Each structure stands twice: as C-alpha cells, then as structure tokens.
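Coordinate analysis (summary)
Letter by letter, the chains look like this.
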Amino acid sequence: MEGLLDRPLNPNKLLKEQFVSNLTGSSLLEIAALSTIVPVVVVLRKWSSRDNIRRDSVKKNDDALADHKDGVYYFSALVIDCLTVVLPILLIFTILAEWAYICAISLVVVISIYILLKRSQSHLKAQQHLPSLRADISSYRVSVVLVTCLSILAVDFKIFPRRYAKAETYGSGIMDLGVGSFVVANALVSRQARNITSMRWKAALRSISPLGFLGFARLISTSGVDYQVHVGEYGVHWNFFFTLAAVSILTSIIRIHPKYCGIVGMLVLAGYQVWLNFGLNEYLTSDERSADIIGQNKEGVYSIFGYWGMYLIG
C-alpha cells in the first residue's frame, strides 16, 4: 500500500515534457499557408450557410416552422459545421500537414472563383455586405478558438507535426501565432474597440475575475494530477489565463483613449523590443531563476508587456 502511495501520478511526466521541448518551429511561409486555410474554410462555410438562411427565411415568412423542426435544423447545421470546418482543419493540422501549401492555394482559388461568381450576379447589392463587420469579427474569433482547441488537444500526439508546436527559444510555430491571435481577438471586442472610455472598477473586476479563476483552476489541477508543464513557456506557476488577466488589469489601470491605442501599442512593442535587445532576452532564455514569484515566472510576467502592446494595436 505504501508503494502505491509513493508512486507518482504521472510516471511519464519527464518524457512528455521532452516531447514538447527543444522545438525550433516552422517556416513563416508554412505558417502563412495554415493561417490562410483556416479563415478561408470558415468564410466558405459562412457564405454557404448565409445563402441557406436566406432561402429558409423566405419559407418562414410564408409558414412558421415548428420548434422541433428548428431543433433539427440547428443540429444539422452543427453536424455540417463539424464536417466542413472542424474536420478539414483537423486533417490539415495532422495527416495532411505535408499538403498545406497545395490546400492553401486550392482554397484561395475556390474562394476567388466564388467571389467572381457572386459579383457577376446583378441582384447582389453592395448594401448587403455593409453590416457584416460584426459577423466577420465573430468568424475570426471562432477560427482562433477552433485552432487553439485543436492544437492544444493534438500537440501531445505524434500525429501532430512537431514543427507546429511552440518553439523553445527562437523560431515560430502555428501555436506561437495562436496566443497572439487570442489577445488580438479579445482586443477586437474590448471596450476600447467599442469607444467606451470609462469603466467602473467593479465592472472591470467582474470581467477579469473569470480569467483569474481559470488561471488558478489550471494551476491547481495541473499540480494536483502532476501534469507535465513546460517551465520555459510561462514559468513555474504562470499560465496564459494569468497573462490575459494581467493585460486586462493594465488596460484598466492605464486608460488610453481608443484614438491613441494603436500609437501607444506600437511604442510599447518598440520599447519592449529594445529592452529585449539590451539584456532582457539573455535573462529570459537563461536558466537563472530566483526564489521570488517574479523570478519563478519570469517568462510569463515579462511577456505581459508584449501582449499588452498587441492588445492595444488590436
């Protein structure tokens, strides 16, 4: 009985950490191809569903559908979404990874032909495209969440190419692009993007508290089950939820008018890059780690400024 209690919960922890360590990433061209495939697939699905909705709306005006028929419609739409959006992206990120360039070119050709055909139709008016900004932002956020979820779930398996995972020190993979995209996705729907210049502290804390809760929940759960955590990514205790919460706190404390957010964001990123070049980069990539909370989580804490700059630009 004592032997069972002394046995670690995750005996393969070291092997799993090595599996996602010392990676150099992919080429920027391949990342660009993958970044093209995902939104094109989402846009094609959105356009096809928009046409179906228009046809269904005509039917609904004549004869209202029953509730059970609505349920069948939404369930069928969910199944079609999985088959036309989730499954293709999953295949591209796994068994079709070597065909990424061909798939990207093919999809760009398809969407170009689709646009030309739509424009050739005389009944399609420009006014129909004006109110689609919110839908486009929603599509972008869906793409980011979808790729993030699939990558996080797939990265622990050999079928997921190692070059797609996060790079160790230098280089970039598609998962490196994901964290920045998540920050920009949050910025696009932030109060600054909606020209809300003032916000009460209670409301700000309410918006930040879920991120803090998720951060501590992840920390407690991973520590409780002895799950593998790559310390070189965010630090000993830090995780991406804490980063998102810290960016929100910085934005609430340092209130910048939406008109100047882009300029300030570029200045923050430029200053952060100068700081990296003048010694911070060597400290972050070294094995030096002091006992205090900042030293233990130096990668996550110091990355806040870079993410905050991207948030302001977004």
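Residues numbered from 1 in each chain as written. Predicted model: local features only at pLDDT ≥ 70, side-chain atom pairs only at ≥ 80, totals over all residues. Heavy atoms only, no water.

So, about helix H8 (residues 201–224). Taking 1.5 Å per residue, 24 residues should reach 34 Å; H8 reaches 33 Å between its end C-alpha atoms and fits that length. Inspection of H8 places Ala204, Ile208, Leu211, Gly212, Gly215, Leu219 and Thr222 among the buried residues, and these make up the whole buried set. The elements touched by buried residues of H8 are helix H10 (240–253). Two residues or fewer after H8 comes Asp226, characterised by a positive phi angle close to 60°. (Helix = DSSP H or I, 4+ residues; strand = E, 2+ residues; numbered from the N terminus. Expected span 1.5 Å × (residues − 1). Buried < 20%, exposed > 50% of the residue type's maximum accessible area, 1.4 Å probe, protein only. Contact = heavy atoms within 4.5 Å.)

Where helix H11 (residues 261–285) meets helix H14 (residues 304–313), the closest approach of the two axes is 7 Å, and the angle between their N-to-C directions is 155°. By the criterion of interaxial angle, the relationship of H11 to H14 is roughly antiparallel. In the crossing of H11 with H14, the sense of the turn from one axis to the other is left-handed. Where H11 abuts H14, its residues Cys261, Gly262, Val264, Gly265, Met266, Val268, Leu269, Tyr272 and Trp275 lie against Phe305, Gly306, Trp308, Gly309, Met310, Leu312 and Ile313. (Axes fitted to C-alpha atoms, helices over the stretch in contact; angles between N-to-C directions. Parallel < 35°, antiparallel > 145°, perpendicular 65-115°, else oblique. Left-handed = near helix turned anticlockwise from the far one by under 90°.)

Right, let's talk about the nonpolar core for a bit. Core analysis: the largest hydrophobic core is formed by 30 residues, its most contacted members being Leu34, Ile37, Ile89, Phe93, Phe160, Tyr164 and Ile174. Sorting the residues of this core by element identifies helix H3 (28–62), helix H4 (67–92), helix H5 (100–120), helix H6 (133–154) and helix H7 (174–188) as the ones contributing at least two each. Of the residues forming this core, the biggest block, nine residues, is contributed by H3. Every residue in contact with Ile89, bar those within four places of it in the chain, is listed here: Val38, Leu146 and Leu150. Ranked by size, the runner-up nonpolar core spans 23 residues in total, among them Ala187, Tyr234, Phe240 and Val268. (Core = buried A, V, L, I, M, F, W, Y, C linked by side-chain atoms within 4.5 Å.)

Below, the discussion takes up the packing of aromatic side chains. Under the counting rule described, the total for this entry stands at 10 aromatic pairs. Look at Phe240 and Tyr307: their rings are 5.9 Å apart centre to centre, the planes differ by 70°, and that puts the pair in the edge-to-face class. Of the two residues, Phe240 is situated in helix H10 and Tyr307 in helix H14; the sequence distance between them amounts to 67 residues. Each residue in the set Phe182, Tyr234, Phe240 and Tyr307 is aromatic and connected to the rest through ring pairs, giving one cluster. Taking the ring centre of Tyr283 as reference, the NZ or CZ of Lys298 above it sits at 4.7 Å. (Phe/Tyr/Trp six-rings, centres within 6.5 Å; stacked < 30°, edge-to-face > 60°. Lys NZ or Arg CZ within 6 Å of the ring centre and 35° of its normal.)

Let us now look at the pattern of salt bridges. The full count for this structure, using the stated rule, is five salt bridges. One salt bridge connects Asp81 with Arg45, and the closest N-O pair in it is separated by 2.5 Å. On the criterion of sequence distance, the pair formed by Asp81 in helix H4 and Arg45 in helix H3 is long-range, its members being 36 residues apart. Residue classification places Asp81 among the partly exposed residues on the basis of a relative accessible area of 29%. (Salt bridge = Lys/Arg side-chain N within 4 Å of Asp/Glu carboxyl O.)

For the rest of this paragraph, the subject is the side chain of Thr251. The topology assignment puts Thr251 in helix H10. A distance of 2.7 Å separates the side chain of Thr251 from the backbone oxygen of Val247, its partner in a polar contact. For Thr251, the side chain forms a polar contact with the side chain of Trp308, separated by 3.4 Å. Each residue touching Thr251, except ones within four places of it in the same chain, is listed here: Arg191, Gln192, Trp308 and Tyr311. (Polar contact = N/O pair within 3.5 Å; in protein donor to acceptor, adjacent residues only side chain to side chain.)

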